[in-house]
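Coordinate analysis (summary)
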Amino acid sequence: MNQDLMVRLFRSIEGDPDDDLVKVAEKIIADEKEKGHLRLSERLKGILSRNVATHTSFKKELKTLLPEGTLIPTDKRNNIPLASLIERESLRHEMVLPKQTETAIQRIEKEYVARERLAHFGLKPRQKILFYGSPGCGKSMSAERIAWNIGLPFLKVRFEAIISSYLGESASNLKKLFESIGGYPCVLLLDEFDFIAKTRSSGHDVGEMHRVVNILLNLLEDFDAPGLLIATTNLEGSIDKALFRRFDDIVEMPKPGKEEIVRLLRNTLSSMNVSKSLQYDELAIKLIGFSAALVVKVANDAAKTAVIQNCKIVEKEHLIKALNDNIKYNNK
Ligand SMILES: Nc1ncnc2c1ncn2[C@@H]1O[C@H](COP(=O)(O)OP(=O)(O)OP(=O)(O)O)[C@@H](O)[C@H]1O
Ligand SMILES: [Mg+2]
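Residues numbered from 1 in each chain as written. Chains lettered and ligands numbered in written order. Predicted model: local features only at pLDDT ≥ 70, side-chain atom pairs only at ≥ 80, totals over all residues.

Judged by nonpolar contacts, the single largest core of 66 residues is most densely connected at I146, V187, L189, I230, V295 and V298. Examining the composition of this core, we find that 7 residues originate from one element, helix α14 (residues 292–308), more than from any other. Both domain 2 (83–252) and domain 3 (258–329) contribute no fewer than three residues apiece to this core. Counting residues in each nonpolar core, the second largest holds 6 residues, with F10, I29, I47 and L48 among its members. (Core = buried A, V, L, I, M, F, W, Y, C linked by C-beta atoms within 7 Å. Buried ≥ 20, exposed ≤ 12 C-beta atoms within 10 Å, placed from the backbone. Helix = DSSP H or I, 4+ residues; strand = E, 2+ residues; numbered from the N terminus. Domains from an automatic or database assignment.)

Okay, structure coming up:
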């Protein structure tokens, strides 16, 4: 098997020591070592042991931190949970980011992991993070990837449940949610957070929304839970300045550059046979300006066309056609 594929396959192993897959993976490592592929076997061993360690500590944390029945309050009238817990297996985490953005996100992860050492010196990790940038560039995915990497449960706030049509209840829903997760280490995602923030000036339900934003300002200010709070928005400009100030870190998610586009294409097509004559660089230049999501869509569309046409190989023509079909979605 191609080495890159093998590495990707190993990264996707969840790491439950009782899982047969882990045993098969150990056997593959031993086989590769026997064949004299020492570097590869060491690399695979490292990936596997990291996944097993993360899985084990995650399981341990889940047991101590999810006491039955204490999680996630619901909205009083409709009994809808105010946040959803997303299972670890469903978290998207294989990302392609420009170096600067990758470094910024790793910094958040490293500070969380080092939180106890930081505390010895009276320091606190970055805890309240805002991701902004154009649609489809990995804002929500970055939050999921952080939860995956630091092994915390992932909770997504459900604004449709928080914002109640009953006067006064939106604010109390918000308070109830923050109170209930106060002692619970998790990554709490306020996705498309501008939904609340921009309503402050929209003139819609003015009194109620004012109260909600003010409550949110206070909750953000006082947020001292043992996990992370991550908010995302498409539009930096539409966020209330007072809200901006309350974050410990603000990270821009840019559109992918040429190098990232090539990696996105390669990753998305990694399970396909791709024509050897395909010039990824040339294709990437044509995709500059596309969001990461759209680049992934172009590659997937090309792969699907090849399969439907019973072609054994994804050709440049499949990709060019997919690019032309998707151009209409660019900048939307
Ligand atoms: N940096 C990235 N690396 C790999 N895939 C990416 C990246 N960014 C986006 N994608 C792809 O695009 C999809 C959408 O990404 P995501 O939901 O994070 O976008 P977003 O920035 O939150 O967009 P929106 O503003 O519309 O909510 C992902 O499921 C993934 O397939
Ligand atoms: Mg999003």
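Having put the structure on the table, let's press on.
As a structural note, the neighbourhood of ligand 1 is formed by 18 residues, with G138, S140, M141, A292 and A293 the closest of them. For the shell around ligand 1, the elements supplying multiple residues, two or more each, are α6 (139–150) and α14. Across the shell around ligand 1, the residue classes break down as 11 nonpolar, 5 polar and 2 charged. When residues of the shell around ligand 1 are sorted by domain, at least three fall in each of domain 2 (83–252) and domain 3 (258–329). (Near = placed C-beta within 6 Å. Nonpolar A, V, L, I, M, F, W, Y, C, P; charged D, E, K, R; others polar.)

Right, let's get into α14. Between its terminal C-alpha atoms α14 stretches 24 Å, which fits the 24 Å expected from 17 residues at 1.5 Å a residue. Looking at α14, one finds that the buried residues are A292, L294, V295, V298, A299, A302 and A306. Positive backbone phi, approximately 60 degrees, marks N310, located one or two places after α14. (Expected span 1.5 Å × (residues − 1).)

Next up on the list: the packing of α14 against helix α15 (residues 316–326). Axis separation between α14 and α15 bottoms out at 8 Å; the angle between their running directions is 130 degrees. Here α15 runs oblique to α14, going by the angle between their axes. Considering the relative orientation of α14 and α15, their crossing is right-handed. The segment α14 lies against α15, with L294, K297, V298, D301, A302, T305 and A306 engaging H318, L319, K321, A322, L323, D325 and N326. Split by residue class, the contact of α14 with α15 holds 7 nonpolar, 3 polar and 4 charged. (Axes fitted to C-alpha atoms, helices over the stretch in contact; angles between N-to-C directions. Parallel < 35°, antiparallel > 145°, perpendicular 65-115°, else oblique. Left-handed = near helix turned anticlockwise from the far one by under 90°. Contact = placed C-beta atoms within 7 Å.)

Here helix α12 (residues 258–268) crosses α14 at 40 degrees, and the two axes come no closer than 9 Å. Accordingly, the angle class assigned to the pair α12 and α14 is oblique. Pair α12 / α14 crosses with right-handed handedness. Contact residues: α12 offers I261, L264, L265 and T268, while α14 offers A292, V295, V296, A299 and N300. Among the residues forming the contact of α12 with α14, the class breakdown is 7 nonpolar, 2 polar and no charged.

Confidence in the prediction of the chain, expressed as mean pLDDT, is 87, and 89% of residues score 70 or more. Ignoring residues within four places in sequence, the model shows residues 61–69, a span with pLDDT below 50, making 5 contacts including any to other chains. (pLDDT = per-residue confidence, 0-100.)

Judged by which residues are buried, strand β4 (residues 187–190) turns out to be covered on both faces: V187 and L189 on one side and L188 and L190 on the other are all buried. As paired strands, strand β3 (residues 154–157) and β4 are joined by 3 bridges and run parallel to one another. Residue pairing in the sheet places K156 in a bridge with L189 of β4. Bridge analysis of β4 against strand β5 (residues 228–233) gives 4 bridges, and the strand direction is parallel. Note on β5: the bridge partner recorded for V187 is L228. (Pairing = 2+ DSSP bridges.)

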